[in-house]
Amino acid sequence: MRFFRIPIIPFIILSAFRCEKESETSMVYFNFVVPLQVKPNGSQINLGDTLWLSANFPDTVLEFNSKNHYKLENFPFPTRIGLFRLTSVQKYLSEQPSAVEKFAIKNFVGSANNFNDTFGDFNLQYSSNTYRAKIALVPKTKGVFSIFFMGPAQGSVNLTFISLPPLNGVKRKPVQHEFFYSINSGETNHDLFVQNCASVLPNLSNDLTIYAEKMGTFTFEVK
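Residues numbered from 1 in each chain as written. Predicted model: local features only at pLDDT ≥ 70, side-chain atom pairs only at ≥ 80, totals over all residues. Heavy atoms only, no water.

Novice: Looking at this structure, I do not really get the pattern of salt bridges. What am I missing?
Specialist: Side chains that differ in sign of charge can pair as their charged atoms come close. The tally for this structure, following the rule as stated, stands at three salt bridges. A salt bridge links Lys71 to Asp59, with the shortest nitrogen-to-oxygen separation between them at 2.9 Å. Pair noted here: Lys71 is in strand β5 (residues 69-71) and Asp59 is in the loop between β3 (51-58) and β4 (60-62), with a separation of 12 residues, a long-range link. Lys71 sits in the partly exposed class, given a relative accessible area of 41%. Taking relative accessible area as the criterion, Asp59 reaches 2% and is therefore assigned buried. Note that Glu221 is salt-bridged to Lys223, the shortest N-O span being 3.8 Å. Judged by relative accessible area, Lys223 falls into the partly exposed class, the value being 42%. (Salt bridge = Lys/Arg side-chain N within 4 Å of Asp/Glu carboxyl O. Helix = DSSP H or I, 4+ residues; strand = E, 2+ residues; numbered from the N terminus. Buried < 20%, exposed > 50% of the residue type's maximum accessible area, 1.4 Å probe, protein only.)

Structure, rendered in C-alpha cells:
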C-alpha cells in the first residue's frame, strides 16, 4: 500500500494504514536459558580426580527476556563446548591455549565430542520430557582451566513452532537470538577466572557477556 502517494479520500487513507499494519511483522528475540552443572563445584581438584559435567532439566525451558517457559520437545540445542588452559591474565579467554589434550573425556549420557582444537560438540540427550547429560572429564596435568559453552549463530535455529499472538494488530515472529548457559546457578569460581584471565566485564557488562563469562564459564585449578 505504500505506492499510494496522494490518497484521494479519507477512507482510502484509513484502509491503506490498516492494510500496511496487518502486513507488518515484529521480530521477537528469544534467549533460552540452559541450566548445567559441574561437580565438584569448588575451585580446586586433585590431579586424576573426575570432574562431572551434567544436565537434567525439563523441556519447559525458561526464556530470559519474557521470563516465560516454553515447551521445547526434542529441541536442538546446538552447543559448542570449549576447554581452555588459563596461562596469562593479559589474555582474553579466546586467546588462551586449548586444553582439550589435557583431559580424558568419557561420555555416559549425551556427549562432548568431535573436538577440533579448542571446541567440540556438546549434545544433550532427550527422553521422557527431560534433557540430560553426564560426562566425565579427568585432568591429565596441573594448571588452571576453564570450561566454556557457546551457542549457535543468531537466527540459525527454527522457532516457527512457537505461536505468538499479534500485538496491536502486528504479527510477531519468534527468532532465536542467544542461548544463555547457567552453570551451577552462577557458582563458577569467577574470582579464580579473573585472577588468571583478562575479563571483558569491566568494559562490556551486559546480559550476554555476563552469561557467557560469569554464568557460562566454569574455572578450576588442578593441583
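Right, picking up where we left off after that structure.
Novice: What is the right way to read the sheet that holds strand β2 (residues 44-45) from this model?
Specialist: Pairing is mixed in the open sheet, where six strands are placed in the order β2-β14-β12-β6-β9-β8. Across the chains shown, the open sheet's two edge strands, defined by having one partner strand only, are β2 and β8 (111-116). Both strand β6 (residues 79-85) and strand β9 (residues 119-123) contribute to a ladder of four bridges, which runs antiparallel. If you follow Ile81 over to β9, its bridge partner there is Gly120. (Pairing = 2+ DSSP bridges.)

Novice: It is not clear to me how the environment of Ser88 should be interpreted in this structure. Could you clarify?
Specialist: By secondary structure assignment, the location of Ser88 is in the loop between β6 and β7 (103-109). C-alpha of Ser88 to C-alpha of Gln195: the two residues are 107 residues apart in sequence and 9.1 Å apart in space. Ignoring any residue separated from it by four or fewer positions in sequence, one finds Ser88 in contact with Gln96, Asn196, Cys197 and Ala198. A distance of 3.1 Å separates a polar side-chain atom of Ser88 from the backbone nitrogen of Gln90. (Contact = heavy atoms within 4.5 Å. Polar contact = N/O pair within 3.5 Å; in protein donor to acceptor, adjacent residues only side chain to side chain.)

Novice: Mind showing me how you'd approach unusual backbone geometry here?
Specialist: Omega for the bond connecting Lys39 with Pro40 falls within 30 degrees of zero, at -5°, which places this linkage in the cis form. Within the secondary structure, Pro40 sits in the loop between β1 (25-39) and β2. In this structure, Asp117 is a non-glycine residue whose phi angle is positive, near 65°. Looking at where Asp117 falls in the secondary structure, it is placed in the loop between β8 and β9. Unusually for a residue other than glycine, Asn168 sits at a positive phi of about 55°. Locating Asn168 in the fold gives a position in the loop between β12 (143-150) and β13 (171-183).

Novice: Help me understand the environment of Ser66 in this model?
Specialist: On the secondary structure map, Ser66 appears in the loop between β4 and β5. On the basis of relative accessible area, Ser66 is assigned to the partly exposed category, the value being 33%. On a C-alpha basis, the gap between Ser66 and Asn31 in space is 9.0 Å, while along the polypeptide they are 35 residues apart. Of the polar contacts made by the side chain of Ser66, one reaches the backbone nitrogen of Asn68; its length is 3.2 Å.

Novice: Any chance you could explain the nonpolar core here in plain terms?
Specialist: Across soluble globular proteins, nonpolar side chains show a tendency to be buried alongside one another. Within the largest apolar cluster, 39 residues are counted, with the highest numbers of intra-cluster contacts made by Phe32, Leu72, Phe75, Phe77, Phe149 and Phe220. Contributing elements (two or more residues each) for this core: β1, β3, β6, β11 (130-139), β12, β13 and β14 (217-222). If you tally residues by element for this core, the top one is β1, at five residues. In this structure, Phe75 is in contact with Phe32, Tyr131, Val157, Asn158, Leu159, Phe161 and Phe179, ignoring residues within four places of it in sequence. Formed by nine residues, the second largest nonpolar core is a distinct cluster that contains Phe84, Phe119, Val144 and Leu192. (Core = buried A, V, L, I, M, F, W, Y, C linked by side-chain atoms within 4.5 Å.)

Novice: So what exactly am I meant to see when it comes to the environment of Val194 here?
Specialist: One can find Val194 in helix α2 (residues 190-196). Apart from the residues within four sequence positions on either side, Val194 is in contact with Val89 and Ser199.

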